[in-house]
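The lines below spell out each chain.
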Amino acid sequence: MNQLILASQSPRRKELLDLAGFSYDIQASQLKEEINRNLSPAENVQWLAEQKANDIQKKHPKAVVIGADTIVANDGKCLGKPKDQTEASSMLQLLSGKTHQVLTGVTIQSENRIETFYELTDVTFWTLTQNEINRYIDSGEPFDKAGSYGIQGKGALFVQKINGDYFSVVGLPIAKTVKVLETFGITPF
């Protein structure tokens, strides 16, 4: 069986691969994640996933590599990870009381094959008070997360409902990822 490598240091993606029962290594891509303003959110998230997978696959040509990226989009505009408290607050105010999209792109790449897909999930937030936003920012949780929140953490308290794949919002649409990995000859447990 080919070596499986996750091209990400995301603890959430690691947890989901562990949950599925995969044996894999982690080798995070060091590429700078920059959103291309000329691409749609779906194109961006797939392009970023491909860049990460390709970067690691070049270093390990016999391996099967998973690259993934998650973007939060509001009104068609991509929201990345906040740079500071002010940006985190602005993002959360923007999402307050509205429905936004979370897109996770996945690329699975081997020496002679590449499959890229994405999942889109609608997430609706309750209306947030500035006090709630400030408390959340003070927790430190928003700073390594697209859109300034994590649905699997304290950010769950902001979510009124979702329509789509919960695990995609967490960072990896695990069921679809497993199905595609199986076509590469990689199976869990």
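Structure: above.
Residues numbered from 1 in each chain as written. Predicted model: local features only at pLDDT ≥ 70, side-chain atom pairs only at ≥ 80, totals over all residues. Heavy atoms only, no water.

Visitor: Explain the pairing of strand β6 (residues 114–125) here, please?
Guide: Note on strand geometry: in a regular strand, side chains alternate between the two faces of the sheet. With eleven bridges connecting them, strand β5 (residues 99–109) and β6 associate as antiparallel partners. Its bridge partner being in β6, I108 is matched across the sheet by E115. Between β5 and the antiparallel strand that follows it, β6, lie four residues. Direction of pairing for β6 relative to strand β7 (residues 159–163): antiparallel, over a ladder of four bridges. Within the sheet, the bridge partner assigned to T124 lies in β7 and is K161. (Pairing = 2+ DSSP bridges. Helix = DSSP H or I, 4+ residues; strand = E, 2+ residues; numbered from the N terminus.)

Visitor: Would you mind going over unusual backbone geometry with me for this structure?
Guide: Phi is mostly negative for residues that are not glycine, and the peptide bonds are mostly trans. The backbone of S148 shows a phi angle near 70°, a positive value even though the residue is not glycine. Assignment of secondary structure puts S148 in the loop between α4 (130–138) and β7. The buried category is assigned to S148, whose relative accessible area is 0%. One non-glycine residue with positive phi stands out, namely F189, at about 25°. (Buried < 20%, exposed > 50% of the residue type's maximum accessible area, 1.4 Å probe, protein only.)

Visitor: In this structure, what is going on with helix α3 (residues 85–95)? I would like to understand it.
Guide: Think of an α-helix as 3.6 residues a turn; residues three or four steps apart then line up on the same face. Taken together, the buried positions of α3 are A88, S89, M91, L92 and L95. In a view along the axis of α3, the buried residues occupy a sector of 165°, so they form one face of it. Measuring from the backbone nitrogen of T86 back to the side-chain oxygen at the start of α3 gives 3.2 Å, which picks out D84 as the cap. Looking one or two places after α3, you find G97, whose phi comes out positive at around 70°. (Arc of directions from axis to C-beta. Polar contact = N/O pair within 3.5 Å; in protein donor to acceptor, adjacent residues only side chain to side chain.)

Visitor: Whenever I open this one, helix α1 (residues 11–20) confuses me. Can you help?
Guide: Those residues of α1 lying buried are R12, R13, L16, L17 and A20. One side of α1 holds all its buried residues, which, seen down the axis, span an arc of 135°. Facing away from the buried side of α1 by over 90 degrees, the exposed positions are E15 and L19. Elements in contact with the buried residues of α1: β1 (4–6), β3 (64–74), α5 (166–170) and α6 (174–183). Note on α1: the residue one or two positions beyond its end, G21, has a positive phi of about 95°. (Contact = heavy atoms within 4.5 Å.)

Visitor: How should I be thinking about the pattern of salt bridges in this particular structure?
Guide: Pairing of side chains with opposite charge becomes possible as their charged atoms draw close. Summed over the entire model, instances satisfying the criterion amount to eleven salt bridges. The closest approach of N and O atoms between D55 and K59, which form a salt bridge, is 3.7 Å. Of this pair, D55 and K59 both sit in helix α2 (residues 41–59), four residues apart, which is roughly one turn of the helix. The partly exposed category is assigned to K59, whose relative accessible area is 49%. Between K145 and D144 there is a salt bridge, and its shortest N-O distance comes to 2.7 Å. By relative accessible area, D144 is classed as partly exposed at 38%. Through salt bridges with shared partners, a single network forms among R12, D144 and K145. (Salt bridge = Lys/Arg side-chain N within 4 Å of Asp/Glu carboxyl O.)

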